[in-house]
Structures are given as C-alpha cells and as structure tokens.
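# An overview of the molecular structure
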Amino acid sequence: MNARTVHLALIGDYNPGVIAHQAIPVALEQAAGALGLSVRPQWLDTDRLPDTLHDFDGFWCVPASPYRDADGALRAIRFAREQRRPFLGTCGGFQHAVLEYARNVMGWADAEHGELAPDAKRAVITPLSCALVETTDTLRLAPYTRISEAYGRLDIEEGYRCRYGMNPAFASALLEGDLIPTGHDSAGDLRAVELLDHPFYVATLFQPERAALKGITPALAIALLQACQAQSA
C-alpha cells in the first residue's frame, strides 16, 4: 500500500440529498490537498459491510441516521476502536460511537439509541432538549485534547443538523473512564468526546464537514487524514 495514499471507510448509507454527504468528499479532497497526499474514500453501506475491514487506514462514521443497519455501523465502529484505527464520528457517528462504547466497553448489553428504541430503560442516546437543526453555535474545547490540537484553539463555531445526543442520566458513568468529554456548547451541553489511549478517536455532535462547502478545510478532516497517514506509514 502506498504510504501516501489513505484508504478511508465512510460508514453510512450514502444519500446525495444529505448536505453532510455532499460535504464529506469535498472536505477530504481539501484536507488531502493541504497535506499533499492522496485519499481514497469508500462509502460502506451499513447493511452491506465487507467481511473484512482491515484494508482501511481509518474510518469516518457519517451523519444521516437512523442507518439501515445500526448493528453494521456498530461493528465498524468497534473494529476501529479495538484495532486502534483512526476514527471520526460526526452527528449520527457521535451517537453510535457512544452506543458502541456503552455496549462493548461498559458492558451494557441493553444500551439503546432512543430513536430506535424510545422506551428502552437504558437509552444512552435521547432527544436533545432543543433540536439543533440547521443551526450554528460556539463551542469550548477542552485543552490538551486531540480535538483542540486539531483546531489549534479552544473556542470554535460549528454547524449542526441533529436531534439526539448523550442521555444526561448516563453521562457520568459513560465519561468516568477512557471516553472523555472534550467539547461543550455555549449552554454547557456536551457536544464532543474522544477516547484516551487511542491514536485518534474523536466524535462530535456537530458536523465540521459542512465548512468545506464554504471553501474552508475542516480541521478535523485534516487531523483524521494525518492520523491515517501515520497509521499506514
């Protein structure tokens, strides 16, 4: 494999009408250009994942859930986490990264996504108190984290199209180990997490890829490709 070519899996069911899906290839092209490397993204439908995921340098779990096969998405996320492959989850990717962690790290076999199982006793993902649909907001990033390193600053502004987030009732337990809170919005609500002891594992409820459609190269796209390049070197 050419060390300067990054093979990236995009976990999600491609829909050309979804703004984030329009933006992600643009974001990756911009980021690859800034880094002077080649990127080969491949969309992986959640209900048709390949038997092996070892050919990919990194993974991006994309917005627009519910996915056709949530278990397929969770399998790919688990692979990235356990195999220490660089991972970025945005919007729905954030939600499923939290769900995968709850089930397979916390051992909560009954953990559910509130959009798919609204009556579940352990819905770790539930509706936001205020839906974030086509909105922008300021965020404060935690210092000395992967995400703040990517942005190079602690105060940022990003766009959303999201209705679900981490259930506050389970947040303390979920965030007491290697999954740590790394970004909060202007109201103090959790909007980003990352995993300690992993080369690059960042998940955001906001959609940084949207900036690419305005000609701005997303900092997290650059950081993801940098981590993938290091992985494949």
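Residues numbered from 1 in each chain as written. Predicted model: local features only at pLDDT ≥ 70, side-chain atom pairs only at ≥ 80, totals over all residues. Heavy atoms only, no water.

## Description of the packing of helix 2 (residues 70–82) against helix 3 (residues 92–104)
Formally: For helices, the fitted line uses only the C-alpha atoms of the stretch in contact; every axis is such a line through C-alpha atoms, and the angle between N-to-C directions lies from 0 to 180 degrees. In this text, helices come from DSSP runs of H or I with a minimum length of four residues, and strands from runs of E with a minimum of two, each type numbered from the N-terminal end. Orientation labels follow simple angle bins: below 35 degrees gives roughly parallel, above 145 gives roughly antiparallel, 65 to 115 gives roughly perpendicular, and whatever is left gives oblique. Throughout, a contact is declared for two residues whenever any of their heavy atoms are within 4.5 Å. As a working rule, the residues Ala, Val, Leu, Ile, Met, Phe, Trp, Tyr, Cys and Pro are called nonpolar, Asp, Glu, Lys and Arg charged, and the rest polar, with Gly in that last group.
As a packed pair, helix 2 and helix 3 sit with axes 9 Å apart at the nearest point and diverge in direction by 75°. Considered as vectors, helix 2 and helix 3 are oriented roughly perpendicular to each other. Contacts between helix 2 and helix 3 involve A70, D71, L74, I77, R78 and R81 from the former and H96, A97, L99, E100, R103 and N104 from the latter. Of the residues that constitute the contact of helix 2 with helix 3, the class distribution is five nonpolar, two polar and five charged.

## Quick look at helix 2
Selection rule: A helix is expected to span 1.5 Å multiplied by its residue count minus one. Three labels apply to residues, based on accessible area from a 1.4 Å probe with only protein chains included: buried if under 20% of the type maximum, exposed if over 50%, partly exposed otherwise in between. Any pair of nitrogen or oxygen atoms within 3.5 Å is treated as a polar contact; in protein, a donor-acceptor pairing is required on top of that, and neighbouring residues in sequence qualify only through side-chain atoms on both sides.
Taking 1.5 Å of rise per residue, 13 residues should cover 18 Å, and helix 2 covers 18 Å from first to last C-alpha, within 8% of that figure. Residues of helix 2 that are buried include every one of A70, G72, A73, L74, A76, I77, F79, A80 and R81, and no others. Those residues of helix 2 that are buried are in contact with strand 1 (5–11), strand 3 (58–61), strand 4 (87–90), helix 3, strand 9 (190–195) and strand 10 (201–204). Capping the start of helix 2, D69 holds a side-chain oxygen 3.1 Å from the backbone nitrogen of D71, two or three residues further along. Looking at the residues trailing helix 2, positive phi occurs at R84, about 60°.

## Quick look at the UniProt feature "domain: Glutamine amidotransferase" (unreviewed entry) in the protein chain
Filter applied, for reference: UniProt positions are given in the numbering used here, feature names are shortened, and annotations may be inferred rather than shown by experiment.
Summarizing the sequence annotation, UniProt attributes the feature "domain: Glutamine amidotransferase" (unreviewed entry) to residues 28–109 in the numbering used throughout. This span, residues 28–109, is 41% helix and 18% strand, and a straight line between its end C-alpha atoms measures 35 Å.

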